[in-house]
Each structure stands twice: as C-alpha cells, then as structure tokens.
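Architecture at a glance
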Amino acid sequence: MNEIEALDAMGGIAPELVNEAGESVRKVKRLPGLLIAAGFCAAVLVCTAVFAVVKPHKGPGTDAGVSIDADRKFLYPFFKYEGRIYEGCEAFPNVRDFVGETLGTIEHANIDENFPLEELEDMTGVAHGEVCAVKGVDPKLMLCMRRGSEVTVFTCSSGLRLVRGSDVFEDMMHIKEAGKGISYESQASFRVGNNEVYEYDGDEAYFNAFIDAVCEGEWIPKKEMDRDAYRWWNVYIRLESGYEAHLVYYRGGYVKLYGLDGAAVKPDPERIKPFIEYLDSEHAPDK
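In this text the structure is predicted, and so the values were computed from the model without any measurement. Throughout this description, residue numbers start from 1 for each chain and increase along the sequence as written. Note on the predicted model: pLDDT of at least 70 is required for a residue's local features to be given, and 80 or more for side-chain atom pairs to be given and counted; whole-chain, interface and lining totals, by contrast, use all residues. Remark: hydrogens and water are excluded; side-chain values derive from all non-hydrogen atoms of the structure.

Some thoughts on the side chain of Arg231
- As for its position among the elements, Arg231 is in strand β15 (residues 230-239).
- Throughout this description, buried means an accessible area under 20% of the type-specific maximum (1.4 Å probe, protein chains only), exposed means over 50%, and partly exposed covers the range between. Arg231 gets classed as buried once you look at its relative accessible area, which sits at 18%.
- Side chain to side chain, Arg231 and Tyr250 meet in a polar contact 3.2 Å long. In DSSP terms, a helix is any run of H or I states spanning at least four residues, a strand is any run of E spanning at least two, and both are numbered starting from the N terminus. Polar contacts here mean pairs of N or O atoms no more than 3.5 Å apart (in protein, one a potential hydrogen donor and the other a potential acceptor; neighbouring residues in sequence count only if both atoms are side-chain atoms).

Structure representation (structure tokens):
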C-alpha cells in the first residue's frame, strides 16, 4: 500500500483524488525488510513535489504524441538532473546489481511548496544524495539513488515527448532484447501487499504479441482513457541488469509504465488478448 492508498484506507482522501494521484514510492513487497530511506519519508511528509502532466502534442506526419511536463500536485521525493525532474517510484532494501555509474551528488534544496520548479537548480532536490544510472536504461527515463543499504529508483516526469510505446519500452528500456523472465501479480494482491507473484509459464508467443502490441501502440493522456478503466495486472519483466520493468495493465486495454504517471499506451486489443486471457485463466483475483 502506498502513501496515497494509505490515506484512502483511513478515509483521509477522496476516491477521485486517489484515482488521479498515480503511484507514490513503491515499496518492493516481494523482498523482505523494506523501508524507504528516512530522508525520503520526511520529504514526502513535508514537501509538495511534482506530478506528470501530459499535454497533447502533434508529432511528425500523422503521429500524435504527448509531452510530459512536471507540475505541482502531490507529495513525492524528487530532484532535478540535466534540466529534468525525477520522482521516486520504487524502493529496494539493499544495493542492487542494476545500480550503474555514479553521475554526481544531488544537494538538498531548501524550498517550500510554492517554489517554482523551473527555478530549481540542477543537481538539487527534496531527495538528495549520490545519484546513479540504472544499468541498461536510458538516464533520460530513469535514475537511482543509494542511501545506506537502500536503493530508490526515480522516473523522469518532465521533458519527455512520447509517440509510440517503443519510445519507452524499446528505445529506453530495451525490453525485447534484454528481457530475461516474466512474472505477474494481480492489482488486488499488489494493493494490499499479499506478494502473490507468479512466474509466467504460458505460451511465449502470447507474451511476444503482447509486448509487440504495446511497443507499437500510441501514448495517450490519462484523461482520454475510458472512465471505467482500472488497474488489473502488474507485469514484471526482468532485464539483464537485474532491474524489473514494471508494466501495469488496465481493464479496458491500456498499459503504462509504473511511475510514469499521466499517460498510457493503447495497444491493439486483439493482439494482447491471448496473454491477458491466460493471466485471467490462471490467477484471476476473483478465483
């Protein structure tokens, strides 16, 4: 359960705000003993940070894309690197093999919730410490930060322009060539931390068709998703580096990258159908 969901459970936040909030820093529940670093927790409690606002943007030819720009709306640990805002989305209990080269040190920014993000200096933020690359992932999309024995992954929430799913999943994460294993978990399990994660042992062709369709699908703003779309499956793709790409499937036929709020890919429903039907037949939440 993330911070937004915890507030929801206590009756402290309206359902419509929960739906709009996206995800906070995910505590990776499949691993024991996880705590988000104390500095990050303090930042979440006292600072207003950034939210991905997706604006329609016409690309070359007939392709319609979206541009993602940071705006203040919810509470997150964040920092600025090379002109882009990065938000914390996943926390791991100890240093991982996927931690790449050190890129510098983020200094603490003494700012309040009214400070304009465009004036935030590079290499500063609410989250602070040594910032590193995530092996095998374009740093324009994702970075990570070590604090003691823990690692938190940050996803870019500004300065991205996306047209096809391949812009993220293929060009920046290299899922097709670097994917080494697939597992999945229902949103019902993920939400309450049941750790009901299963290895995918279905037809490889089903998954290949799924990921091909996702890569070829177009990004759309979240506001253009069907109102009755809701999270259903979390799909984890292990990469060569040891990092797991986390895709979220929404009923209604949408797929998004966990941590990249505000936009989702709309793949061909017929091409993803066999893979989703297999997951539903094996471990549907209502079974």
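Quick look at unusual backbone geometry
- Even without being a glycine, Glu82 presents a positive backbone phi close to 50°.
- By the element assignment, Glu82 lies in the loop between β4 (78-81) and β5 (84-92).

Examining the packing of helix α7 (residues 204-216) against helix α8 (residues 269-283)
- At a minimum axis distance of 7 Å, the contact between α7 and α8 shows a crossing angle of 130°. Considering their axes alone, α7 and α8 lie oblique with respect to each other. Between α7 and α8 lies a crossing of left-handed hand. Here Tyr206, Phe207, Ala209, Phe210, Asp212, Ala213 and Glu216 of α7 come into contact with α8, specifically with Arg271, Ile272, Pro274, Phe275, Ile276 and Tyr278.
- Residue polarity follows a fixed list, in which Ala, Val, Leu, Ile, Met, Phe, Trp, Tyr, Cys and Pro are nonpolar, Asp, Glu, Lys and Arg are charged, and the others, Gly among them, are polar. The class makeup of the residues in the contact of α7 with α8 is 10 nonpolar, no polar and 3 charged. With axes taken as lines fitted to C-alpha atoms, and helix axes fitted only over the stretch in contact, angles between N-to-C directions fall between 0 and 180 degrees. By definition in this entry, angles of less than 35 degrees are roughly parallel, angles greater than 145 are roughly antiparallel, angles of 65 to 115 are roughly perpendicular, and the rest are oblique. Whether a crossing is left-handed or right-handed is set by the direction in which the near helix is turned from the far one by less than a right angle, anticlockwise for left-handed and clockwise for right-handed. Two residues qualify as a contact provided that any one of their heavy atoms is within 4.5 Å of a heavy atom in the partner residue.

Structural notes on the pairing of strand β17 (residues 254-257)
- Because side chains alternate across β17, one face comprises the buried residues Tyr254 and Lys256, and the other comprises Val255 and Leu257, equally buried.
- As paired elements, strand β16 (residues 244-251) and β17 share 4 bridges and run antiparallel to each other. Across the sheet, the residue bridging to Tyr250 is Tyr254, located in β17.
- We call two strands paired when DSSP finds no fewer than two bridges between them. Here β16 folds back onto β17, and the loop between the two strands holds 2 residues, one of which, Gly252, carries a positive phi near 110°.

Here we look at the pattern of salt bridges
- Note on definitions: salt bridges are taken to be side-chain nitrogens of Lys or Arg within 4 Å of carboxyl oxygens of Asp or Glu. On inspection of all chains with the given rule, the structure shows 11 salt bridges.
- Of the charged contacts in the structure, one is a salt bridge between Glu199 and Arg238, with a shortest N-O distance of 3.0 Å. Linking Glu199 in strand β13 (residues 197-199) with Arg238 in strand β15, this pair joins segments that are 39 residues apart in sequence.
- For Glu199, a relative accessible area of 48% puts it in the partly exposed group.
- For Asp261, the salt bridge identified is with Lys256, shortest N-O distance 3.8 Å.
- On the basis of relative accessibility, which here comes to 3%, the residue Asp261 falls in the buried class.

Focus on the nonpolar core
- Ranked by size, the top nonpolar core spans 72 residues in total, and within it Phe79, Phe169, Met173 and Leu247 carry the most contacts.
- Among the nonpolar cores identified, the runner-up in size contains 7 residues, and Phe78, Ile85, Ala109 and Leu117 belong to it. Remark: nonpolar core denotes a set of buried residues (Ala, Val, Leu, Ile, Met, Phe, Trp, Tyr, Cys) joined through side-chain atoms within 4.5 Å.

What about α8?
- How far a helix is expected to stretch is found by multiplying one less than its residue total by 1.5 Å. In this model, α8 (15 residues) spans 20 Å end to end at C-alpha, consistent with the 21 Å of a helix rising 1.5 Å per residue.
- A bend of about 30° at Phe275 is the largest found in α8.
- Along α8, the positions that sit buried rather than exposed are Ile272, Phe275, Ile276, Tyr278, Leu279 and Asp280.
- Looking at the buried positions of α8, the neighbouring elements they touch are β12 (179-186), α7, β15 and β16.
- Of the residues flanking the start of α8, the one acting as N-cap is Asp268, its side-chain oxygen 3.0 Å from the backbone nitrogen of Glu270. Consider a residue and the seven residues that end there alongside the seven that start there; fitting an axis to each set, the bend is the angle between those axes.

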